[in-house]
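Single-letter residue listing:
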Amino acid sequence: MLRAGCKRFAGLANFKNQTQTLSLLRFYHERVVDHYNNPRNVGSFDKNDPTVGTGLVGAPACGDVMKLQIKVDEETGKIVDACFKTFGCGSAIASSSVATEWVKGKQMEEVLSIKNTEIAKHLSLPPVKLHCSMLAEDAIKAAVKDYEAKRAKLGENGDEAAPVDKAADA
């Protein structure tokens with residue numbers, strides 16, 4: 001009874017052959033399923049740590065919220081670690097997981113070149129889920145912006161200037 005009701009609701013009641021029904025259903029790509037079932041780098045850092053940048057973004061249309069954090073080596077400007085917490089669908093979680101993997105070990109300028117289209121292509125996201133990869137790109141940019149704002153604030157307070165600034169002055 002429930003199966004017939006679900007088929008009727010989904011518009012599949014006219015199909016007698018089960019294989020025809022299954023071929024019409026949309027499945028996630030195996031990379032999305034892998035990152036959803038085994039997300040990488042879940043967690044959070046202390047947001048008050050001056051070496052941590054935090055990007056918190058959301059999509060009001062679907063309710064997805066993504067927090068992505070980066071930890072930066074101040075001497076080299078390289079991202080040494082990244083983590084995320086995401087409230088949302090499987091595509092949002094997978095996009096966050098991929099983003100944290102891609103930013104690790106890269107320079108700050110390098111991660112700003114990561115585009116949502118690259119994430120979407122890697123995960124084979126359908127058009128209706130492209131907003132998830134856009135959130136990941138926005139979270140990366142927000143985390144970098146937050147880190148740079150913290151660094152600038154430390155410089156204004158007369159604290160020791162960041163090593164990158166010292167190198168530029170030399």
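Worth saying up front: this structure is predicted, and the values here are computed from it rather than measured. (Residues numbered from 1 in each chain as written. Predicted model: local features only at pLDDT ≥ 70, side-chain atom pairs only at ≥ 80, totals over all residues. Heavy atoms only, no water.)

A. The packing of helix H4 (residues 90–103) against helix H6 (residues 116–123), seen in detail. Running from N to C, H4 and H6 point in directions that differ by 115°, and their axes come no closer than 10 Å. Taken together, the axis directions place H4 and H6 in an arrangement best described as roughly perpendicular. Crossing geometry of H4 relative to H6 is assigned as right-handed. Packed against H4, whose contacting residues are Ala 94, Ser 95, Val 98 and Trp 102, the element H6 presents Glu 118, Ile 119, His 122 and Leu 123 at the interface. (Axes fitted to C-alpha atoms, helices over the stretch in contact; angles between N-to-C directions. Helix = DSSP H or I, 4+ residues; strand = E, 2+ residues; numbered from the N terminus. Parallel < 35°, antiparallel > 145°, perpendicular 65-115°, else oblique. Left-handed = near helix turned anticlockwise from the far one by under 90°. Contact = heavy atoms within 4.5 Å.)

B. Broad picture of the packing of aromatic side chains. Tallying each qualifying case throughout the model produces zero aromatic pairs. Positioned above the aromatic ring of Phe 45, the side-chain terminus of Lys 71 is 4.8 Å from the ring centre. (Phe/Tyr/Trp six-rings, centres within 6.5 Å; stacked < 30°, edge-to-face > 60°. Lys NZ or Arg CZ within 6 Å of the ring centre and 35° of its normal.)

C. Up close: H4. With 14 residues, H4 ought to run about 20 Å at 1.5 Å a step, and its terminal C-alpha atoms sit 20 Å apart, in line with that. With respect to burial, H4 is a largely interior element, 12 of its 14 residues being buried. Where H4 is concerned, the buried positions are Gly 90, Ser 91, Ala 92, Ile 93, Ala 94, Ser 95, Ser 96, Ser 97, Val 98, Ala 99, Thr 100 and Val 103. Contacts made by the buried residues of H4 are with helix H3 (30–37), strand S2 (64–73), strand S3 (78–87), helix H5 (108–111), H6 and helix H7 (130–156). Looking at the residues trailing H4, positive phi occurs at Gly 105, about 80°. (Expected span 1.5 Å × (residues − 1). Buried < 20%, exposed > 50% of the residue type's maximum accessible area, 1.4 Å probe, protein only.)

D. Here's a closer look at the sheet that holds S3. Here we have three strands laid out as an open sheet, ordered S1-S2-S3, and antiparallel in their pairing. Pairing within the sheet leaves two strands with one partner each, and these edge strands are strand S1 (52–59) and S3. Pairwise comparison of adjacent strand axes, ignoring direction, gives a mean angle of 15° for this sheet. As paired strands, S1 and S2 are joined by eight bridges and run antiparallel to one another. Residue Gly 58 lies in a different strand from S2, and its bridge partner there is Val 65. Contacts from H4 reach S2 and S3, with the element oriented near 175° to S3. Helix-sheet contacts for H7 involve S1 and S2, and the interaxial angle to S1 is about 145°. (Pairing = 2+ DSSP bridges.)

E. Local environment of the environment of Asn 41. Looking at the element boundaries, Asn 41 is found in the loop between H3 and S1. Separated by 57 residues in the primary sequence, Asn 41 and Val 98 have C-alpha atoms spaced 9.4 Å apart. In contact with Asn 41, not counting residues within four places along its chain, are Ala 82, Cys 83, Phe 84, Thr 100, Glu 101 and Lys 104. Polar side-chain contacts of Asn 41 include one of 2.7 Å to the side chain of Lys 104. (Polar contact = N/O pair within 3.5 Å; in protein donor to acceptor, adjacent residues only side chain to side chain.)

F. Summary view of a nonpolar patch on the surface. On the surface, a nonpolar cluster with roughly 340 Å² of combined accessible area is contributed by Leu 56, Val 65 and Phe 87. Along the chain, Leu 56 turns up in strand S1. By relative accessible area, Leu 56 is classed as exposed at 60%. (Patch = residues over 30% accessible without salt bridge, like charges linked within 9 Å, V, L, I, M, F, W, Y side chains within 5 Å. Areas by Shrake-Rupley, 256 points an atom, 1.4 Å probe, with all protein chains shown as cover. Salt bridge = Lys/Arg side-chain N within 4 Å of Asp/Glu carboxyl O.)

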